Amino acid sequence: MSSKPTCHLIRPESSYEGKQGLSYFTGIAAETVGSTGICMHILTMPPGARAKAHLHESHETAIYVLSGEVHTWYGDRLEQHIVVKAGDLFYIPAGVPHLPANLSDSPSSAVIARTDPNEQESVALLPELDALVA
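Residues numbered from 1 in each chain as written. Predicted model: local features only at pLDDT ≥ 70, side-chain atom pairs only at ≥ 80, totals over all residues. Heavy atoms only, no water.

**Side note on the pattern of salt bridges**
All chains considered together, the criterion is met by 1 salt bridge. Note that Asp116 is salt-bridged to Arg114, the shortest N-O span being 3.8 Å. Given a relative accessible area of 2%, Asp116 falls into the buried group. (Salt bridge = Lys/Arg side-chain N within 4 Å of Asp/Glu carboxyl O. Buried < 20%, exposed > 50% of the residue type's maximum accessible area, 1.4 Å probe, protein only.)

Written as structure tokens, this is what we have:
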């Protein structure tokens, strides 16, 4: 057997439930293609969907919103708020608590990339912060 790296095609036809409480389309990750420094997947949030408060302990996140809009609260006590809309790029540094929610009546889709090749490895839930966002 050769250990030489090769290219992989992933068609996001299946999904999985993330610790954050959202359903993600399977994408690029250590589990699917053997990546060692990145994961990338697609997230579609239905109207009214809301993630659990969480952070990614040692990994950065980059998001490109394809459609719709998502409200995101972030900061140590989720004290900051931003609305990320279609066409926007949003960066979340490692270790920053955040909670996204789709408050609109339309789905919102985004491409999400993280520097953690294992999709759920660095997700740390923060249940003590969930009640801070009504």
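**What about the pairing of strand β5 (residues 61-67)?**
As judged from the 4 bridges shared by β5 and strand β8 (residues 89-92), these two strands associate in the antiparallel manner. Bridge pairing links Tyr64 to Leu89 in β8. Bridge count for β5 against strand β10 (residues 108-114) is 6 bridges, and the pairing is antiparallel. Directly across from Ile63, in β10, lies its bridge partner Ile112. (Pairing = 2+ DSSP bridges. Helix = DSSP H or I, 4+ residues; strand = E, 2+ residues; numbered from the N terminus.)

**Quick notes on the packing of aromatic side chains**
This model, assessed by the stated rule, comprises 1 aromatic pair. Judged by centre distance (6.3 Å) and plane angle (65 degrees), the rings of Tyr74 and Phe90 are edge-to-face. Of this pair, Tyr74 sits in strand β6 (residues 69-74) while Phe90 sits in strand β8, and the two are 16 residues apart along the sequence. We classify Tyr74 as partly exposed; its relative accessible area is 22%. A relative accessible area of 12% places Phe90 in the buried class. (Phe/Tyr/Trp six-rings, centres within 6.5 Å; stacked < 30°, edge-to-face > 60°.)

**A closer look at the side chain of Asp116**
By the element assignment, Asp116 lies in the loop between β10 and β11 (123-125). Polar contacts involving the side chain of Asp116 include one to the main-chain amide nitrogen of Asn118, which spans 2.9 Å. Side-chain polar atoms of Asp116 contact the side chain of Ser122, separated by 3.0 Å. Setting aside its immediate chain neighbours within four residues, Asp116 contacts Gly37, Ile38, Cys39, His59, Glu121 and Ser122. (Polar contact = N/O pair within 3.5 Å; in protein donor to acceptor, adjacent residues only side chain to side chain. Contact = heavy atoms within 4.5 Å.)

**Section: the UniProt feature "domain: Cupin type-2" (unreviewed entry) in the protein**
The feature "domain: Cupin type-2" (unreviewed entry), as annotated in UniProt, sits at residues 42-110 in this numbering. The span residues 42-110 is 0% helical and 54% strand by assignment, and the distance between its end C-alpha atoms comes to 6 Å. (UniProt positions renumbered as here; feature names shortened; annotations may be inferred.)

**As for unusual backbone geometry**
Non-glycine residue Leu78 carries a positive phi angle of around 55 degrees. Within the element layout of this structure, Leu78 appears in the loop between β6 and β7 (80-85).

**A closer look at the side chain of His98**
With respect to the helices and strands, His98 occurs in strand β9 (residues 98-101). With relative accessibility at 4%, the residue His98 sits in the buried group.

**Points about the pairing of β7**
Pairing geometry for β6 and β7, over 6 bridges, is antiparallel. Note on β7: the bridge partner recorded for Glu69 is Lys85. Between β6 and β7, which pair antiparallel one after the other, the connecting turn spans 5 residues, and Gly75 there sits at a positive phi close to 115 degrees.

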